[in-house]
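The lines below spell out each chain.
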Amino acid sequence: MRRSMRHFLRSTIGISLLISLTLWAAGLSDAVGHMYWNVVAKWTRRPAPESVILVSVDDFADLQTRDEANLLTQIRKQMPRNVFFDARIPVGINGTGDAELARAVSSFGKDIAFVVRAQKPDRFDASMFKFPSKTIVGNAPIVLSAWNSNFLYTVESAPYFIELNGRKYPTFSTALAGQYAGAQSVYYPDISVGSDSIIKISGRSLLERGAALGILTGRTVVVTSSGQAPLVGYFGTEMVQPIAADIAGAEALRKPISMNLTFLPLLALVVGAISAVSRIGRQRVKLPLYAAIVVATWCVPAILRKFGFVAYPDVPLLMLAIYGSIRLWQKRTRRIQHTSLSGLPNLVALSSQPLPVGRDVIVAVVARYEEMLATLPRDLHGECARQIARRLSVGSGANDIYHGEGGHFAWTEEARPLEMQLNHLEGLRALFSAPLQIGTHTFDTNIHFGLDRNEGLDAVTRVNSALASANEALGNGRSIELFESHRLAEAPWELSLHARIEEGLRNGEIWLAFQLQFDFAENRVSGAEALIRWNHPTRGPIAPDAFILQAERAGRIDTLTYWVLEEAITAALALNATGPRFQMSINLSAQMVDKADLVTNFAEIVRRRGIDPSLLTVEVTETSSVRNRPAACHNLTQLRAMGFRLSIDDFGTGEASLAYLADLPSDELKLDRRFVSRLLTSDRDRAIITNTIALAHDLGQSVVAEGIEDAATFSMLRELGCDHAQGYYLGRPQPFAVFVQEYEESRRRGMMAV
Ligand code: C2E
Ligand code: CA
Ligand code: CA
């Protein structure tokens, strides 16, 4: 019980309820109530009852008690139902007049009463009421008029009786209505009674012309003069003579019920209704129901008031407004946190909450996601994302998969030991080897992961890190990229990479190393691979893997590539000038192969340098990060047509090795050093190498084995029919001068010393 109470108070409804009750306690809901009753009064306005007629003494130029005596006599002749004397009585000016008035009054017997009004609003003590002279009033009853009002002095209720000096006087409205008791001690005016439609005639014209005879007959006549009491506020109009409130009070009292229900029953109903509606799942039904609740909250008090029940809608309306605002706000933030098409929460949602402890952040990026969407009709885009998310959810065991732009999906997972986590992700990747079936479309996809294990850091940083790592994995064709926090410190360095590369090229920090390639058939050094080097003055030697990647990410790889090409040509020209045919290999980044100007730039350079392109081998790695695969194939085919040799680097490590081979007309395969290094120890790797060599030869390609570190591997490769060899065993990458020296030496010996 206590728990469900606590739960309720934390819910949106509970919070809105608390806020609105607080506003009520602070008196701020009164303003809402005031506006509400103003509108209701205007909308339900009806004429005042004809049973009451006012006879005004205001137009007597010099009012005397004699005039009033005459007036009463005249009124009596018309046989009114009863008379209330609510006017100034100028006693003491004319003695005989005073006596005449007293006589006229007493002639009415019980059918006349004197109205005494409070001189200030909301005051009920004896000092507020000025009683008329006893000599005039005689035994005639006295009724009082005083009102409780709201913060704008608008009348709200009046008591049935007011007690002054131990005597109970009925209030004017009760006397008008002939109702002296109710269920409660106060009654509420019928605010639909229009104040300007009260029938009022001039006392003077009644005296002079006798007025329309019989107009007063059977009616309640109120002899009035203005200025008897201050004006009062009245719902739906400006300030009015208080008689209007008294008449409205009498109208309310004529109804069988006059009862204040306060705001509580309506508030309870509203709370019940919105909690019921909020539990409905169907969004489309919800909105009209909420609207119905608002309309009902608005109409019900107005209708109830017609029957004498005063129910306040102020707190309920406030509560609805607050509830509505909170819900709208929640919806808006939720919309920001959901990608519209898939309905999955987005990365903002993931990074806007604190991540639980002991969890890794993982971002998966689906390769060629945009291409996939491009072939799908728009209405299937969401389904596509949901299907991927489902697969990831099943594979990872994570309940919530967050969807970012461009094929990114993120989630958190228990931080297992790194080895286990990597294996787990590799398994997840295997799940994606089965094609996606979306509508009638089938897609082969590939997925790459970015992993962030830096607990301690905030969610935004971690999600972004995992995201960047996933992109990096996609970019370099790796399945998983781990984000290491120390790389954050690298960011400024990476950002200024361009300037540094230019500087490095200018001052010789960046240079080209050459690693020999050995030809098994010719038994000689037949070429070299140009490998870039950077000896940074403060950072020391930077591994090419590292800065090539950064240059790619920073879009600065072009400068480096063309510089390498020029240097490699210089070297190739020199080596070919003095000896037998010497083949020079350069590496072409995956980020470059699909560039539109690649072929024209290469063509321009070889033409200018006057080199036969067939002396140059272009090594490309097979990575999925090539964004525009058709353009890449086109470029490479063009280069080959120009005479360049084409080599597929790191063969066997990528994702679509064979497919790549089928697409690309290449001249050479480079067996990745991961296979080569295990050639002697792993039967599986030996089988791969044997088969790859056979396959390559069938396709008319030659095979280069790289990463040969010992004599045994070297001779085994010779046995397996490999064409070329490269590795530390034969020679390390060397500066050009050193390379030339060793090359010349090997030539003098006639063959390699191996
Ligand atoms: P890669 O194209 O696979 O280059 C071969 C890498 O294997 C070189 O590393 C080389 O030093 C290393 N290596 C050669 N023999 C052995 C061996 O017997 N054992 C072992 N463990 N390693 C050996 P390096 O120079 O660090 O280059 C790494 C990667 O950087 C290259 O891999 C290539 O992808 C890239 N790279 C190097 N230079 C360039 C360049 O000019 N342009 C582009 N785009 N990428 C380059
Ligand atoms: Ca290479
Ligand atoms: Ca390689």
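As the structure is a prediction and not an experimental result, all values here were calculated from the model.

Peer 1: Lay out the sheet that holds strand S9 (residues 186–187) in plain terms, naming residues and giving numbers.
Peer 2: Taken in spatial order, the three strands make up an open sheet running S5-S6-S9, and their pairing is antiparallel. At either margin of the open sheet sits one strand with a lone partner, and together these are strand S5 (148–149) and S9. As paired strands, S5 and strand S6 (residues 155–159) are joined by two bridges and run antiparallel to one another. Residue pairing across strands places asparagine 148 opposite serine 157, the latter belonging to S6.

Peer 1: Kindly report on the pairing of strand S26 (residues 645–651), identifying the contributing residues and their values.
Peer 2: Of all the seven residues making up S26, six are buried; the element is thus mostly covered by neighbouring parts of the structure. Here five bridges tie strand S25 (residues 616–621) to S26, and the two strands are oriented parallel to one another. Paired with valine 618 across the bridge in S26 is leucine 646. Strand direction decides the pairing type here: S26 and strand S27 (residues 668–671), joined by three bridges, are parallel. Opposite phenylalanine 651, over in S27, you have leucine 671 as the bridge partner.

Peer 1: Any chance you could break down the pattern of salt bridges for me, citing the residues and the numbers?
Peer 2: Summed over all chains, the structure comprises 30 salt bridges. For arginine 254, the salt bridge identified is with glutamate 251, shortest N-O distance 2.5 Å. Placement of the pair is arginine 254 and glutamate 251 together in helix H9 (residues 242–254), with a separation of three residues, close to one helical turn. Taking the relative accessible area as the measure of exposure, arginine 254 reaches 39% and is therefore partly exposed. Residue classification places glutamate 251 among the buried residues on the basis of a relative accessible area of 11%. Of the charged contacts in the structure, one is a salt bridge between glutamate 604 and arginine 608, with a shortest N-O distance of 2.9 Å.

Peer 1: Describe the packing of helix H10 (residues 264–278) against helix H11 (residues 283–306), listing the residues and the values that go with them.
Peer 2: One way to put it is that H10 packs onto H11 with a least axis distance of 10 Å and a crossing angle of 170 degrees. On the basis of the axis angle, H10 is roughly antiparallel to H11. For the pair H10 and H11, contact is made by Leu266, Val270, Ala273, Ile274, Val277 and Ser278 and by Lys286, Leu289, Tyr290, Ile293, Thr297, Val300 and Pro301, respectively. Of the residues in the contact of H10 with H11, the class split is 10 nonpolar, two polar and one charged.

Peer 1: Describe in detail the domain arrangement of the chain, supporting the description with residues and values.
Peer 2: By the assigned domains, the chain splits into domain 1 (2–43 + 261–336), domain 2 (52–254), domain 3 (347–493) and domain 4 (496–748). Look at where the C-alpha atoms of domain 2 and domain 4 centre, and you get two points 112 Å apart.

Peer 1: Residue-level account of the nonpolar core, with values.
Peer 2: The biggest cluster of nonpolar side chains holds 74 residues, and the ones touching the most others in it are Leu560, Met584, Leu588, Phe602, Leu616 and Leu717. The element contributing the most residues to this core is helix H21 (residues 557–578), with 11 residues. Setting aside chain neighbours within four positions, we find methionine 584 in contact with Phe514, Ala528, Ala530, Ala568, Ala571, Ala572, Leu575, Leu615, Leu616 and Thr617. Val57, Phe108, Ile136 and Ile162 belong to the second-largest nonpolar core, a separate cluster that totals 37 residues.

Peer 1: Describe the sheet that holds strand S16 (residues 408–414), with residues and values.
Peer 2: Ordered by their spatial adjacency, five strands build an open sheet running S15-S16-S14-S19-S20, and the pairing between neighbours is mixed. The sheet terminates laterally at strand S15 (402–403) and strand S20 (480–483), the two strands that pair on one side only. Judged from the seven bridges that link them, strand S14 (residues 359–366) and S16 form a sheet pairing that is antiparallel. By the bridge assignment for S16, isoleucine 362 is matched with tryptophan 411. On the sheet, helix H15 (residues 381–396) packs against S14, S15, S16 and strand S19 (447–452) and is oriented at approximately 15 degrees with respect to S16. Of the strands in this sheet, S14, S16, S19 and S20 are in contact with helix H16 (residues 418–431), which crosses S19 at around 155 degrees.

Peer 1: Break down H10 for me, citing the residues and quoting the values.
Peer 2: In a regular helix each residue adds 1.5 Å, so 15 residues correspond to 21 Å; H10 covers 21 Å between its end C-alpha atoms and thus fits that length. Listing the buried residues of H10 in full gives Leu266, Leu267, Val270, Val271, Ile274, Ser275 and Val277. Viewed along the axis of H10, the buried residues span an arc of 160 degrees, placing them on a single side of the element. Away from its buried face, by an angle of more than 90 degrees, H10 presents the exposed residues Leu264, Ala268 and Leu269.

Peer 1: How would you summarise the coordination of the calcium ion (ligand 3) if you had to cite specific residues and measurements?
Peer 2: The protein atoms that coordinate the calcium ion (ligand 3) are Asp649 (OD), Asp650 (OD), Glu706 (OE) and Glu706 (OE), at distances spanning 2.0 to 2.8 Å. Written as a sequence motif, the donor residues of the calcium ion (ligand 3) are D-D-x55-E. Separating the calcium ion (ligand 3) and the calcium ion (ligand 2) is a distance of 4.2 Å, and aspartate 649 donates to both of them. One end of the pair, aspartate 649, is in strand S26; the other, glutamate 706, is in the loop between strand S28 (702–705) and helix H27 (711–720), and 57 residues separate them in sequence. Accessibility expressed as a relative area gives 7% for aspartate 649, which makes it buried.

Peer 1: Can you explain the site of ligand 1? Please cite residues and give values.
Peer 2: Close to ligand 1 lie 21 residues; Gln515, Arg533, Arg673, Glu709 and Tyr728 are nearest. A distance of 3.0 Å separates an oxygen atom of ligand 1 from a polar side-chain atom of asparagine 587. Contact distances for ligand 1 include 3.0 Å between an oxygen atom and a side-chain N or O atom of aspartate 649. Considering ligand 1 on its own, with 790 Å² of exposed area, one finds that the protein chains cover 86% of that surface. For the shell around ligand 1, the elements supplying multiple residues, two or more each, are strand S22 (524–536), helix H20 (544–553) and S26. By residue number, the principal contributor to the shell around ligand 1 is S22, which donates four residues.

Peer 1: Pulling in residues and values, what's your account of the packing of aromatic side chains?
Peer 2: Applying the stated criterion to the full structure yields 25 aromatic pairs. Between tryptophan 411 and phenylalanine 449, the ring centres sit 6.4 Å apart and the planes meet at 90 degrees, which makes this aromatic pair edge-to-face. Of this pair, tryptophan 411 sits in strand S16 while phenylalanine 449 is found in strand S19, placing the two residues 38 residues apart along the sequence. Through successive ring pairs, a cluster of aromatic residues spans Tyr36, Trp37, Trp43, Trp298 and Tyr312. A cation over a ring is seen here: arginine 391 above phenylalanine 432, with NZ or CZ 5.4 Å from the ring centre. Over the ring of tyrosine 728 we find arginine 732; its NZ or CZ atom is 3.9 Å from the centre of that ring.

The rules behind the values
- Residues numbered from 1 in each chain as written.
- Chains lettered and ligands numbered in written order.
- Predicted model: local features only at pLDDT ≥ 70, side-chain atom pairs only at ≥ 80, totals over all residues.
- Heavy atoms only, no water.
- Pairing = 2+ DSSP bridges.
- Helix = DSSP H or I, 4+ residues; strand = E, 2+ residues; numbered from the N terminus.
- Buried < 20%, exposed > 50% of the residue type's maximum accessible area, 1.4 Å probe, protein only.
- Salt bridge = Lys/Arg side-chain N within 4 Å of Asp/Glu carboxyl O.
- Axes fitted to C-alpha atoms, helices over the stretch in contact; angles between N-to-C directions.
- Parallel < 35°, antiparallel > 145°, perpendicular 65-115°, else oblique.
- Contact = heavy atoms within 4.5 Å.
- Nonpolar A, V, L, I, M, F, W, Y, C, P; charged D, E, K, R; others polar.
- Domains from an automatic or database assignment.
- Core = buried A, V, L, I, M, F, W, Y, C linked by side-chain atoms within 4.5 Å.
- Expected span 1.5 Å × (residues − 1).
- Arc of directions from axis to C-beta.
- Donors = N, O, S within 2.8 Å, 3.2 Å for Na, K, Ca; no water.
- Near = heavy atom within 4 Å.
- Polar contact = N/O pair within 3.5 Å; in protein donor to acceptor, adjacent residues only side chain to side chain.
- Areas by Shrake-Rupley, 256 points an atom, 1.4 Å probe, with all protein chains shown as cover.
- Phe/Tyr/Trp six-rings, centres within 6.5 Å; stacked < 30°, edge-to-face > 60°.
- Lys NZ or Arg CZ within 6 Å of the ring centre and 35° of its normal.

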